[in-house]
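Next come the chains, spelled out residue by residue.
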Amino acid sequence: GKPVVVIVGGGYAGTAAASALDKEFNVVLIDRKNYFLHNLGALRAAVVKDYCKNVVIPYSNLLKHGHVVQGEVTQITPEALTIHDYPDPVPFDYLIIATGTSYGFPAKVPEYDADAVPALYSSARDTILG
């Protein structure tokens, strides 16, 4: 089969790498969230009603051949990595670590589930705009 590329982190770099490699490799993208956060627009989501739908983008349509795993990587060895609450290590031929940056809300979101995000931005908007 195709070589396995595991990408840890689903931000800008991780999703770009996953998309670019999807056709030629067996891509496994691992992220704690079940969505991509377009954080360049995140501040606008804090003040513009319903703009959140433009910054919270589900990973469901990212890959045509590979797949996305929602989870937290707890250990990496040269041959495989371990995901919290997954029974078996995930072996790979290539590993890309693209864990990105960490900022406070509203630039980054402390929620792992996309369904919980709109309420955060709505609350921020109510606080900011009164």
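Residues numbered from 1 in each chain as written. Predicted model: local features only at pLDDT ≥ 70, side-chain atom pairs only at ≥ 80, totals over all residues. Heavy atoms only, no water.

Caption draft 1: Expanded view of unusual backbone geometry. Cis geometry marks the peptide bond from Phe 105 to Pro 106, where omega comes out at 15 degrees. You can see Pro 106 is positioned in the loop between β9 (94-97) and α3 (117-129). Backbone geometry at Asp 50 places phi at a positive 65 degrees, although glycine is not the residue there. You can see Asp 50 is positioned in the loop between α2 (42-45) and β4 (56-58). Under the relative-accessibility criterion, Asp 50 is labelled partly exposed at 48%. In the Ramachandran plot, Asp 85 falls in the positive-phi region, its phi being about 70 degrees despite a non-glycine side chain. Of note, Asp 85 is situated in the loop between β7 (80-83) and β8 (90-91). Under the relative-accessibility criterion, Asp 85 is labelled exposed at 70%. (Helix = DSSP H or I, 4+ residues; strand = E, 2+ residues; numbered from the N terminus. Buried < 20%, exposed > 50% of the residue type's maximum accessible area, 1.4 Å probe, protein only.)

Caption draft 2: Quick look at helix α1 (residues 12-21). Of the positions making up α1, those classed as buried are Gly 14, Thr 15, Ala 17 and Ala 18. One side of α1 holds all its buried residues, which, seen down the axis, span an arc of 160 degrees. Looking at α1, the residues exposed on the side facing more than 90 degrees away from the buried face are Ala 13 and Ala 20. In this fold, the buried residues of α1 make contact with β1 (4-8), β2 (26-31), β3 (35-37) and β9. (Arc of directions from axis to C-beta. Contact = heavy atoms within 4.5 Å.)

Caption draft 3: View of the pattern of salt bridges. In total, this model carries one salt bridge according to the counting rule given. Its salt-bridge partner being Asp 31, residue Lys 33 comes within 3.0 Å of it at the nearest N-O pair. Of the two residues, Lys 33 and Asp 31, neither departs from the other in class, the shared state being buried. (Salt bridge = Lys/Arg side-chain N within 4 Å of Asp/Glu carboxyl O.)

Caption draft 4: Here's a closer look at the sheet that holds strand β6 (residues 73-76). An order of β6-β7-β8 is seen for the three strands of this open sheet, with the pairing classed as antiparallel. Strands at the two margins of the open sheet, each flanked by one partner only, are β6 and β8. Pairing of β6 with β7 involves three bridges; the strand directions are antiparallel. Of the residues in β7, the one forming a bridge with Gln 75 is Thr 82. (Pairing = 2+ DSSP bridges.)

Caption draft 5: Main features of the packing of aromatic side chains. Counted by the stated rule, this structure contains three aromatic pairs. Ring centres of Tyr 12 and Phe 36 lie 5.0 Å apart, and the angle between their planes is 85 degrees; this geometry places the pair in the edge-to-face category. Here Tyr 12 is found in helix α1, whereas its partner Phe 36 is found in strand β3, with 24 residues between them in sequence. The ring of Tyr 35 carries the charged tip of Lys 33 above its face, separated from the ring centre by 5.6 Å. (Phe/Tyr/Trp six-rings, centres within 6.5 Å; stacked < 30°, edge-to-face > 60°. Lys NZ or Arg CZ within 6 Å of the ring centre and 35° of its normal.)

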